[in-house]
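A structural walkthrough
Spelled out, the chains give:
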Amino acid sequence: MTADARILSFPAERAKAFIDAVVAIAMTLLILPLMESVTELPDSVSGAHWLDEHSEDLIGFVVSFAVIATFWITHHRFFARIERVTTPFLWLTMPWLLTIVWLPVATSLSNHLAAGDVVVKLLYIGSMSLTAWLMLAQRIYMKRRPSLHDVSPDEMRSGTAATIAMGLLFAVALVLAILFPAIGYAALFVMAITGVVERLIRRILP
């Protein structure tokens with residue numbers, strides 16, 4: 001009997017639905033601070049004034065929404081080829097979801113506390129890097145259990161390279177944001193070269 005056969009596994013459909021629901025709720029929570037600011041507006045305030053007053057909140061919302069969307073798309077593509085899941089894998093997925101659900105809180109902190117606060121940068125950009133590394137842990141788990149999925153070795157290698165690239169570049173963005181406070185969260189623009197770094201990493205992966 002193989003090691004895979006001794007592991008109790010379950011169809012992946014309910015896990016996929018649960019993960020999608022949690023991610024959707026996290027993305028929705030990002031807009032709540034802006035919704036609250038609108039409901040508190042006096043009638044005399046113009047739309048232009050509101051946009052100017054909450055420009056940083058809007059930028060933070062868009063950035064965090066795009067980050068969570070990217071993580072979900074990457075995870076969805078991977079999970080679409082998973083046919084069965086195990087209890088250990090589900091528990092491995094929970095920390096990943098935790099970082100996703102945490103991001104709306106980290107976004108609010110980054111919008112309302114001092115831009116140079118190192119702890120806030122760790123909580124915001126650092127959590128993004130952690131999300132990528134936790135995704136990598138899921139890929140490694142599944143790579144060692146081919147009976148649970150239909151991901152080809154080439155697809156697994158490509159996805160692993162992309163996940164490593166994201167984790168590394170988020171870490172680089174965090175270092176840049178801390179070392180050069182004037183850059184601030186613009187350091188996240190390093191994510192634009194994710195494709196280039198992914199190709200480099202793919203060449204060295206076994």
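Here's a quick rundown of the structure. (Residues numbered from 1 in each chain as written. Predicted model: local features only at pLDDT ≥ 70, side-chain atom pairs only at ≥ 80, totals over all residues. Heavy atoms only, no water.)

1. Here's the deal with the packing of aromatic side chains
Per the counting criterion, the structure on display carries five aromatic pairs. A centroid spacing of 5.8 Å and a plane angle of 35 degrees characterise the contact between Phe71 and Phe170, whose relative ring orientation is tilted. With Phe71 in helix H5 (residues 55-79) and Phe170 in helix H8 (residues 153-179), this residue pair connects regions lying 99 residues apart in the sequence. The class of Phe71 is buried, set by a relative accessible area of 4%. Judged by its relative accessible area of 4%, Phe170 is buried. Centroid distance Phe89 to Tyr141: 5.6 Å. Interplanar angle 40 degrees. Geometry classified as tilted. Of the two residues, Phe89 is situated in helix H6 (residues 87-112) and Tyr141 in helix H7 (residues 118-143); the sequence distance between them amounts to 52 residues. Accessibility expressed as a relative area gives 0% for Phe89, which makes it buried. Grouping aromatic residues by their ring pairs yields a cluster made of Phe79, Phe89 and Tyr141. Seen from the ring of Phe78, Arg139 lies directly overhead, with NZ or CZ sitting 4.6 Å from the centre. Lying over the aromatic face of Tyr141, Arg145 brings its terminal NZ or CZ to 3.8 Å of the ring centre. (Phe/Tyr/Trp six-rings, centres within 6.5 Å; stacked < 30°, edge-to-face > 60°. Helix = DSSP H or I, 4+ residues; strand = E, 2+ residues; numbered from the N terminus. Buried < 20%, exposed > 50% of the residue type's maximum accessible area, 1.4 Å probe, protein only. Lys NZ or Arg CZ within 6 Å of the ring centre and 35° of its normal.)

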